Amino acid sequence: MQVVREHRDDLVFRLKLLSRLVTGLLVLIAVGFWFVQLVQGDHYRELAENNRLRKLPILAPRGLIYDRKGRLLVENIPSYNLMVDRSRSQNLPGALAFAAGVLGRPLPELQALVEGYAAIPDFKPVLLAENLSLSQVSRIGVAGLEFPEFEVEVQHLRLYRHREQTAHLLGYLGEATEKEIAASDGLYEPGDLVGKKGIEQTYDRILRGKDGERAVVVDSRGRLLDDYGRREAVPGRNLKLTIDLDLQQEAARWLTGPEKVGSIVAMDPRNGEVLALVSSPSFNPNLFARRLQKKDWEALIEDPNHPLQNRAIQNTYSPGSTFKIVMATAGLTEGLVNEHTSTSCGGGASFYGRYFRCWRKGGHGTLNARGALKNSCDVYFYSLGQRMGIERIAQFSRLLGLGSLTGIDIEGEKRGLVPDPEWALKVRGMKWYPGETISVSIGQGPVLMTPLQMAEMTAIVANGGYKVIPHLIKDAEMPEPERVALDENAIRIVHEGLWAVVNEPGGTAYNSARVPGAEMAGKTGTVQVIGQSSRLDAKALPFKFRDHAWFTSFAPAQNPEIVISVFAEHGGSGSRSAAPIAQALHAKYFKVDLQHPADR
Amino acid sequence: MQSTSRSISSILPIAEEKPHFRLLSSVDLGLTLSALLLSAIGLLTVHSASAEMPVDYLPRQALWVGLGFVLLLIVVSIDYHVLLDLSLVLYVLGLASLVLVLFAGVERGGAANWLQIGPFQFQPSEFAKLATCLLVARYLAGLNRRVLDLPQIFMAVAIVALPMVLVAIEPDMGGAAMFAPLIAGMLLVAGIRPRLLLTAAILVVVLGAGVWTFGMKGYQRQRVLTFLQPETDPLGAGYQVRQSKIAVGSGKLVGKGYLQGTQSQLHYLPARHTDFILAVLAEEWGFLGVLGVLGLYALYITSAARIAIRARDRAGILLVTGLLSVQCFHILYNSAMVVGYVPITGIPIPFLSYGGSFTMVNFLSTGIMLGVDLRRYVNR
């Protein structure tokens, strides 16, 4: 076999040369390390320990939030925290004693606090006290030479000017959770404050801006020597809400106090702008701005009325007689009844072998749709419900926004429930009984809705059949509202009936809701919490057994520009407890002076 | 010119003899041990570097090292002549993936040089580098000359230039730069006339000026300028150089101790789990630690060089030379960068730096070298 001789000796020779060159370079680099680490080592060690080039964040101011008239709802205020860098300390016990004097706190408490930080490396500043006064800050600043371990850190806190009155609406800030960080695409870092709940949460990305950074040269005592470079922060953008502060505050005042549990929603039926959104009981969001005290948190969590819950969107309730608005609209649109069709009420009627009573023992006599709404006659709607059937009741409920999210721009909204036979089988595991249809006809069955859905339903009826989306940002670009297939004539008759509720003698809210000059229309609703047999005066019952009260309304009846829905949990009857609140709010909105304010 | 499409074994009859395969006893201990020790040190340092980060990169890097080792075992078992026979196919695949990344690349840190395949992202440039090395080795080995002619040099340069340009327009200058030591090392070993070498040097200077003017992005130029005048960019690269030097210098002789590096733990060091991992090590383990690591690299380099020298044929020598050149460049450049001797570029250091594609390619390269070594015996 012929063997080709390969030229390889030259290759090997050159490779050896190259390999020596590389080894030489490696040695040179080792010499470089020797120079930096051993010859200049002390210099760099000192730089690393004391005279560091520090990168300090330039915090972007968070955007402010205003109401629709430009009144400030949230602002940022500086707050000073006292930090300790233990690695710089020469006399830590002395420093702590000094701090105890300045802060007016017992020394052992501070010592215990610092001991608690034992697991954190010395060179990391740890928190000693929050919210220092300016005089405390200056006293600590003056002592800086003697106690180099102290640093005062400036933090911007959110101050919610109207505290409980806007708490559920605006939300609050808290440290980003791991889940939020993971979902943020790198926007959030551990320790960042992010919006929790309400506007602060939904619009966090707009409000937060972008932090800047500056590098500074500091001396061995941590004092700033020189600016080294900076990148400015991009401030967060301000937001203007649709909320009317006057109305919001007035609504909140009506729901403040013991046994005042409930929710109020006011919105513009023409475009879905929310004018007021209140839930009670409420909480002070400024508590969350600082580290929340354990006792404050426990008080919030253990309160049986759950103040953190936003009742306007998170709690669902039976609509009671306000559901008759849905029934009347549906019956008239479907042609099951017309303007003149009348039903006779003798105080009750039998359906499917069971006797259903009207709320009025003596009965209402003969009534048409308008009269049935005005007097809230149960028998009229029992009979209408029987003819309509549960399927069509469910269909119209959904058309009017029940059973689905309204789409408001704060999180946590509940869907409520529109019952039908399919639901009964699937969820309840029991077939639908015809008798239940009769109960649902007056809003007492399993049907459930949030106060916001109540306002939405009222708005759709008020504006003539447009499904506006409730929202909180002024001048937001909203999609064209969906048209709901409702009969114009039906809407006119319902409007008349609801107007009569408030403005005609005998209407269920004639005595409690009329606002002279405001042409308000509305509907009362009372939701039984316990059986009807033991009806007593509301005030005589224990709070938790009292009926829930609804009142939903719009005005002016001819050309509605505001919808107000009031829900008072265990408030008693709709006409006596919820209607006066709506009355006062309409009066406030239309600037009408009520000469005889209702009994608060 | 010899055809590159004919297989090496058909050119060289000696290769037809069955190579004697002596496992384990023939595995080069120096290369294997240095690679494994460096990987272990890398894992520890990656953990320390990411101690104050939201994610601990240790488990992921451990996964890469494990996968890399499996790849090493696979590639060791393949005769490198088979790889050389496949080199053209691999090269074309490499080019295709580089073209693909131009259109479907995932951006990470300024350059869209990642390909997403299912849940995995990888850098095609790393694998293209290996394929290019194989093809050039095959081409140059087949020439079988003492010194190369100009057309032959051009041919070799062209093979390298194609993927290099594709990587450069991603734009990933650091990745493109990696092709330079590859071709330089192989050509130097394959043989270039001194006169030509001088001409090439001049050409490089001229080309460099051209790249500076037309080929570089603002931030890249800034980095070079910053290297020359660190004060021009105090928050960017200048800050990095300074912090890196403080980290290294403050480590002094014995270091501050594992997990105790203030520069690293206090977030002063940028990219500390990747490009500046050596600074973390230098801060925590001191000059002694650095000496240990540089010693291991020296062991790795000399072992690889020994493998090349005793390789069975020209193809083996050139292949190992190409792979080693790239590794050397990474080691030298990164370590020089950490002490501030060269401008900051995204060039990680083999086995220590965190990175999936990078770690796998390091093990693949080492595997190919060991494979060449295992097949060094020719029974005549």
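Calculation notes
Residues numbered from 1 in each chain as written. Chains lettered and ligands numbered in written order. Predicted model: local features only at pLDDT ≥ 70, side-chain atom pairs only at ≥ 80, totals over all residues. Helix = DSSP H or I, 4+ residues; strand = E, 2+ residues; numbered from the N terminus. Buried ≥ 20, exposed ≤ 12 C-beta atoms within 10 Å, placed from the backbone. Contact = placed C-beta atoms within 7 Å. Nonpolar A, V, L, I, M, F, W, Y, C, P; charged D, E, K, R; others polar. pLDDT = per-residue confidence, 0-100. Pairing = 2+ DSSP bridges. Core = buried A, V, L, I, M, F, W, Y, C linked by C-beta atoms within 7 Å. Domains from an automatic or database assignment.

**Some thoughts on the overall build of chain A**
Reasoning step 1: If you tally the helices and strands in chain A, you get 22 helices and 21 strands.
Reasoning step 2: Residue burial in chain A is summarised as follows: out of 600 residues, 44% are buried.
Reasoning step 3: Counting contacts in chain A only where the partners sit at least 6 residues apart, residues at least 24 apart contribute 72% of the total.

**Observations regarding helix α18 (residues 434-441) of chain A**
Residues and elements named next belong to chain A.
Reasoning step 1: Every buried residue belonging to α18 is among Glu 436, Thr 437, Ile 438, Val 440 and Ser 441, and all of these are buried.
Reasoning step 2: At its buried positions, α18 is contacted by α14 (324-334), β14 (348-351), β15 (354-357) and α16 (378-399).
Reasoning step 3: Backbone geometry just downstream of α18 places Gly 443 in the positive-phi region, at approximately 75°.

**Side note on the interface of chain B and chain A**
Reasoning step 1: If you look at the interface, chain B gives 51 residues, while chain A gives 44 residues.
Reasoning step 2: Of all the secondary structure elements, the ones that give two or more residues to the side of chain B that touches chain A are α8 (179-190), α11 (237-250), α12 (262-265), α13 (277-309) and α14 (314-338) of chain B.
Reasoning step 3: Among the elements that make up the side of chain B that touches chain A, the one with the highest residue count is α13(B) (13 residues).
Reasoning step 4: When the residues that make up the side of chain B that touches chain A are grouped by side-chain class, the tally is 31 nonpolar, 13 polar and 7 charged.

**A word on the confidence of the model for chain A**
When pLDDT drops low, the exact placement of atoms in the prediction is not to be read closely.
Reasoning step 1: Averaged over chain A, the pLDDT score is 88; the fraction of residues at 70 or greater is 92%.
Reasoning step 2: Averaged over each element, pLDDT in chain A is lowest for strand β9 (residues 224-231) of chain A (69) and highest for helix α19 (residues 451-462) of chain A (97).

**Section: the pairing of strand β21 (residues 562-569) of chain A**
All names here are of chain A.
Reasoning step 1: Most of β21 is tucked away: 8 of the 8 residues are buried.
Reasoning step 2: Where strand β11 (residues 261-267) lies against β21, 7 bridges are found, and the strand directions are antiparallel. Paired with Ser 263 across the strands is Phe 567, a residue of β21.
Reasoning step 3: The pairing of strand β20 (residues 548-555) with β21 spans 7 bridges and is antiparallel. Paired with Ser 553 across the bridge in β21 is Ile 564.
Reasoning step 4: The antiparallel hairpin formed by β20 and β21 contains 6 residues in its connecting segment.

**Some thoughts on the environment of Ala518(A)**
Residues and elements named next belong to chain A.
Reasoning step 1: Mapping Ala 518 onto the fold places it in the loop between α21 (510-513) and β19 (521-527).
Reasoning step 2: Residues Ala 518 and Ala 587, 69 residues apart in the sequence, show an inter-C-alpha distance of 7.6 Å.
Reasoning step 3: Beyond its immediate sequence surroundings of up to four residues, Ala 518 is in contact with Ala 555, Pro 556, His 586, Phe 590 and Val 592.

**What about the pairing of β14(A)?**
All names here are of chain A.
Reasoning step 1: Relative to β15, β14 runs antiparallel, the two sharing 4 bridges. Residue pairing for β15: Ser 350 is matched across the bridge by Tyr 355.
Reasoning step 2: Adjacent in sequence and paired antiparallel, β14 and β15 are bridged by 2 residues, among which Tyr 352 carries a positive phi angle near 50°.

**What about the nonpolar core?**
Reasoning step 1: Within the largest apolar cluster, 116 residues are counted, with the highest numbers of intra-cluster contacts made by Ala251(A), Val265(A), Ala266(A), Ala276(A), Val494(A) and Ala578(A).
Reasoning step 2: The two domains that each donate at least three residues to this core are domain 1 (54-240) and domain 2 (245-297 + 308-589) of chain A.

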